[in-house]
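Here is what each chain is made of, one letter per residue.
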Amino acid sequence: MEPKIGDIMKVNPSLTGLTDWIEGQVIDIEHNPFMGLVISIKDNFGRIFFGQSKYFKIA
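A short tour of the structure in this document, coming up. Remember, it's a predicted structure, so these values are computed and weren't measured experimentally. (Residues numbered from 1 in each chain as written. Predicted model: local features only at pLDDT ≥ 70, side-chain atom pairs only at ≥ 80, totals over all residues. Heavy atoms only, no water.)

### Let's talk about the overall build of the chain
Point 1. Along the backbone of the chain there are one helix and five strands.
Point 2. With the C-alpha coordinates aligned to their principal axes, the bounding extent of the chain is approximately 30 × 20 × 20 Å.
Point 3. In the chain, which comprises 59 residues, the share counted as buried stands at 34%.
Point 4. A total accessible area of about 4,000 Å² is found for the chain, and carbon and sulfur atoms account for 53% of it. (Helix = DSSP H or I, 4+ residues; strand = E, 2+ residues; numbered from the N terminus. Buried < 20%, exposed > 50% of the residue type's maximum accessible area, 1.4 Å probe, protein only. Areas by Shrake-Rupley, 256 points an atom, 1.4 Å probe, with all protein chains shown as cover.)

### Thoughts on the pairing of strand β1 (residues 8-11)
Point 1. Only one face of β1 is buried: it carries Met-9 and Val-11, and the other face, with Ile-8 and Lys-10, is open.
Point 2. The pairing of β1 with strand β2 (residues 22-32) spans four bridges and is classified as antiparallel. If you follow Met-9 over to β2, its bridge partner there is Gly-24. (Pairing = 2+ DSSP bridges.)

Here is the structure:
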């Protein structure tokens, strides 16, 4: 299932460099021909994280 803008997702610490999974709202979805599905989320602190869909899971 592909996420939609507005969905709540968690991002893997290996992408963020932080110790815990970060939860945020999906703000952009891109179908990149080289990287595949790229997801961008924004957390409660206003930080934006983006990367390949393999680093994300539904919250």
